[in-house]
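Listed here are the chains, written in short residue letters.
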2 protein chains.
Amino acid sequence: MTDVPMTARTAASAGATSAGTVGEVLSGHLTAQAGAFLRALPQAVGEAGSRPGERSVAAGSGAAGTAELLRCVRRIGGALHTFAAAFDCGWAEETRTELRWLLDLLAQEPAYLRRSVRLLAALDSLSETDPAGPGMLAGHTGAPKARALLERQLTLARTRAHTALLQELRSARLHALADRMTLLASDVPLLPSAVAQDGEVLLPQAAAALTALTAGAHQLPLLRAATPYGGEGLHRLGAPQAPQPLLPSARGPESPVRPAARAQGVDADTVVAADDAPWHRVRILVKRARYALEVCGAPSEELDLLDRTLDRHQEAADAAVTVATAARTPRITPATAYVLGVVHADQRLEVEAARYAFGRQWPNLPHHGWHEWATA
Amino acid sequence: MTDVPMTARTAASAGATSAGTVGEVLSGHLTAQAGAFLRALPQAVGEAGSRPGERSVAAGSGAAGTAELLRCVRRIGGALHTFAAAFDCGWAEETRTELRWLLDLLAQEPAYLRRSVRLLAALDSLSETDPAGPGMLAGHTGAPKARALLERQLTLARTRAHTALLQELRSARLHALADRMTLLASDVPLLPSAVAQDGEVLLPQAAAALTALTAGAHQLPLLRAATPYGGEGLHRLGAPQAPQPLLPSARGPESPVRPAARAQGVDADTVVAADDAPWHRVRILVKRARYALEVCGAPSEELDLLDRTLDRHQEAADAAVTVATAARTPRITPATAYVLGVVHADQRLEVEAARYAFGRQWPNLPHHGWHEWATA
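Residues numbered from 1 in each chain as written. Chains lettered and ligands numbered in written order. Predicted model: local features only at pLDDT ≥ 70, side-chain atom pairs only at ≥ 80, totals over all residues.

*Asks:* So what's going on with the overall build of chain A? Which residues, and what values?
*Replies:* A tally of helices and strands in chain A yields 13 helices and 0 strands. In chain A, the succession of α and β elements from N to C terminus is α-α-α-α-α-α-α-α-α-α-α-α-α. By the burial criterion, 46% of the 376 residues in chain A qualify as buried. At a minimum sequence separation of 6, the contacts of chain A that also span at least 24 residues come to 82%. (Helix = DSSP H or I, 4+ residues; strand = E, 2+ residues; numbered from the N terminus. Buried ≥ 20, exposed ≤ 12 C-beta atoms within 10 Å, placed from the backbone. Contact = placed C-beta atoms within 7 Å.)

Right, here's the structure in full:
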């Protein structure tokens, strides 16, 4: 089933534009993104400054600049990775490092906010007593305490992320990155040898991003994920799976993706992290492939959907870690710990649900003619 | 989708035998079952006596007599219910009451044993550290304590059930029931007016059992259950569901099955029990329909499958209650309580998985010509 994305439709019929030279295509894209970056940056700085860390309950509401900045950072970084051949290697590598740094810095506070919303909503739903739809923890005495504990710990984490962000927004490092973006917005530093090439040479490079995604997805236990309620989100994490029939070269006899699960004396955090790792990796590959299609002017709606599914996977996995950590807080009551156990399992169930959704969406990807691109 | 079981195939083509009179069909069936009951009874008594309650870890291994006795009790009770018109009303009612009493008595100890096996296996799987398939609680410090707690409480419950069984196996009440079965094995007390009737009159009575099952299944939230990972096993228990399009008369505007969930100040045990109740009721209806088909000589494999699915539903639901109860044990550690929370959610996930399986199996029931039977 997983060979569908590799079958044929021509790049032209997929709507991929090869109109223009490499210089025109990449400059057009990167100039626009860098311009958007420079417009969003002061807005994001203003948002962060106007948000009192401690009381920023609704930080999401006034974070349009931050969201836009994240959007640009991801796209510029993706283009520099996928179309690296057109840029000076050292410059592109440095710029990507700096973009990743800003991404990590910017993404944390909104991530904690979303995690807080997700976990408190799950807890409220589980402990809901409304007769119209009560939860399995309806009226449980541990629920309010568990809620307060999670809220306190996530607010603290968010405040720390906010403080770190405020500090770095004044840093020389950010100014240097802004200077790089100013350069990119006016004059994209392409290799002279690449500038005049036909834009069609970008297609095999985009195809490589799509091939990397396909190879990554083939390493996922999609057959296992496609069985609803296999219980795999809780049991048998990282268990060896039936070999996938296609692209055998993409996975050796020893899967390289779960080294931790192979070690003796594993602990829960390690095995869960090892089980999630290949999915998190495919999430990055989906984003790269998605941005590569955007550069080529090809439709990317299906990848947008996969991207959202794997974002959900990542957020549920991160939320589960937060709950497990909260449950190790000293001196909590057994009732609190019990509720946290239920919420933890609930988030791992969300992880499993996201994997199931991915397993359903992946084989239905329409044929993007990626195969032809690779040999274009 | 749920109208499939009502569509047509003739009783004859379904293999239902109407060869013989009512007397021949019912006597043949009940004589055989009562004979098997009388052979299994001393064996079951021997098994119970030879099992030292406290140390009966492997009680399941030597319980073939008990299992056979349970099998006969269920079938005789089912036949007396479904074909009540052929028997003296008072006698059949009394006999069914006594059979239900024995069923409750006999079923408890094996049920506790299965629950113990189920919960300890789930806990072991969740806390498994084998790199080949670790669980989400791998190496968790609370796992051994939670395991010991569950094992202790279930052993205690099983010992109590065993003691109660040993006492009642010597009771006058059991002797009186054995006398009833002796009568049934030699001379089934059919109404004179029914004995000579054509066996075909049993078909509408069997069809009534199947219609009751269909009506019961229509009250289940099958649309909700058919969506994998709806999270309904944990959230939104007893939530109002989209009305099912068929058999509208079987469910009024106010569903009568979840009175507790409509009360104010609900607690978790009550709402979960109310959410499970209609499924447990359908389990009984499946068994009755299955035994009715057996009497009529019609194939019942599909109902056997549904029966096993709903047995799994019941056992997971009961196991979840046991875990929730264990979590209220005073002075347990937070780590123990946390593990019990995960195990509880895991069992509710099993409940949800069983509902999903039922939702897939039910519409695929082959056409048994039940509709024609009803009008035969």
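Text resumes after the structure shown.
*Asks:* Can you break down the nonpolar core residue by residue, with the values?
*Replies:* Counting 202 residues, the largest nonpolar core has A206 and V343 of chain A together with A206 and V343 of chain B as its most contacted members. Excluding its chain neighbours within four sequence positions, the residues that come into contact with V343 of chain A are L119, A122, L123, L126, A146 and V323 of chain A. (Core = buried A, V, L, I, M, F, W, Y, C linked by C-beta atoms within 7 Å.)

*Asks:* Any chance you could break down the domain arrangement of chain A for me, citing the residues and the numbers?
*Replies:* All names here are of chain A. Domain boundaries assigned for chain A yield domain 1 (1-20 + 198-238 + 265-376) and domain 2 (22-186). Secondary-structure elements contributing two or more residues to the side of domain 1 that touches domain 2 are α7 (202-218), α10 (268-296), α11 (301-326) and α12 (334-361). Looking at the side of domain 1 that touches domain 2, the element that brings in the most residues is α12, giving 9 residues. Grouping the constituent residues of the side of domain 1 that touches domain 2 by class yields 17 nonpolar, 8 polar and 5 charged. (Domains from an automatic or database assignment. Nonpolar A, V, L, I, M, F, W, Y, C, P; charged D, E, K, R; others polar.)

*Asks:* Which residues make up the relation of the copies chain B and chain A, and what values go with them?
*Replies:* In screw terms, the move from chain B to chain A is a rotation of 180° and a rise of 0.0 Å along the axis, fitting with an RMSD of 0.0 Å. Between the two chains, the operation in question is that of a two-fold axis. Most of the interface of chain B is mirrored in chain A, where 100% of its interface residues again form contacts. (Least-squares fit on C-alpha atoms with pLDDT ≥ 70 in both.)

*Asks:* Summarise the packing of α12 of chain A against helix α12 (residues 334-361) of chain B; cite the residues concerned and give the values.
*Replies:* It is the contact of α12 of chain A with α12 of chain B, at a shortest axis distance of 7 Å, that shows an interaxial angle of 40°. Viewed along their axes, α12 of chain A and α12 of chain B adopt a mutual orientation that is oblique. Remark: the crossing between α12 of chain A and α12 of chain B carries right-handed chirality. Touching P334, A335, A337, Y338, V339, L340, G341, V342, H344, A345, D346 and L349 of chain A of α12 of chain A are P334, A335, A337, Y338, V339, L340, G341, V342, H344, A345, D346 and L349 of chain B, all from α12 of chain B. Of the residues in the contact of α12 of chain A with α12 of chain B, the class split is 18 nonpolar, 4 polar and 2 charged. (Axes fitted to C-alpha atoms, helices over the stretch in contact; angles between N-to-C directions. Parallel < 35°, antiparallel > 145°, perpendicular 65-115°, else oblique. Left-handed = near helix turned anticlockwise from the far one by under 90°.)

*Asks:* Describe the packing of helix α3 (residues 89-126) of chain B against helix α11 (residues 301-326) of chain B, with residues and values.
*Replies:* Residues and elements named next belong to chain B. Relative orientation of the contacting elements α3 and α11 amounts to 75°, with a least axis distance of 10 Å. Taken together, α3 and α11 sit at an angle that is classed as roughly perpendicular. From α3, R114, R115, R118 and L119 reach across to α11, where they touch E315, D318, A319, T322 and V323. Considering only residue class, the contact of α3 with α11 consists of 3 nonpolar, 1 polar and 5 charged.

*Asks:* Can you break down the interface of chain B and chain A residue by residue, with the values?
*Replies:* The partner chain A presents 50 residues to the 50 residues of chain B that form the contact. If one sorts the elements of the side of chain B that touches chain A by residue count, α12 of chain B sits on top with 16 residues. For the side of chain B that touches chain A, the residue count by class is 32 nonpolar, 12 polar and 6 charged.

*Asks:* Any chance you could break down helix α2 (residues 64-82) of chain A for me, citing the residues and the numbers?
*Replies:* All names here are of chain A. For α2, with 19 residues, the first-to-last C-alpha span of 27 Å sits near the 27 Å given by 1.5 Å per residue. Taken as a whole, α2 has its buried residues at T66, L69, C72, V73, R74, R75, I76, G77, G78, A79, L80 and T82. Buried residues along α2 sit in contact with α1 (22-50), α3 (89-126), α7 and α10. (Expected span 1.5 Å × (residues − 1).)

*Asks:* Residues and numbers for the environment of L174 of chain A, please.
*Replies:* Residues and elements named next belong to chain A. Along the polypeptide, L174 turns up in helix α5 (residues 172-186). The exposure class of L174 is partly exposed, given the 17 C-beta atoms found within 10 Å. When the C-alpha positions of L174 and Q205 are compared, they lie 30 Å apart, and in sequence the two are 31 residues distant. Not counting the four nearest positions on each side in its chain, L174 is found in contact with E168 and L169.

*Asks:* Quick rundown of the confidence of the model for chain A? Include the residues and the values.
*Replies:* Residues and elements named next belong to chain A. Of all residues in chain A, 81% have pLDDT values of 70 or greater, and the mean over the chain is 84. Counting interchain partners and residues more than four positions distant, the pLDDT-below-50 stretch residues 54-59 has 6 contacts. Residue range residues 240-264 is modelled with pLDDT below 50. Its contacts to residues more than four positions away, or to other chains, number 36 contacts. Predicted complex metrics record ipTM = 0.85 and pTM = 0.86. (pLDDT = per-residue confidence, 0-100.)

*Asks:* Account for the environment of F87 of chain A, with residues named and values stated.
*Replies:* Residue and element names in this part refer to chain A. Position of F87 among the secondary structure elements: in the loop between α2 and α3. Taking the C-beta count within 10 Å as the criterion, F87 has 21 such neighbours and is therefore assigned buried. Contact partners of F87, with chain neighbours within four places excluded, come to L80, A92, P189, L190 and L191.

*Asks:* For the environment of R75 of chain A, give the residues involved together with the corresponding values.
*Replies:* Residue position: R75 of chain A is located in helix α2. Every residue in contact with R75 of chain A, bar those within four places of it in the chain, is listed here: Q33 and Y291 of chain A.

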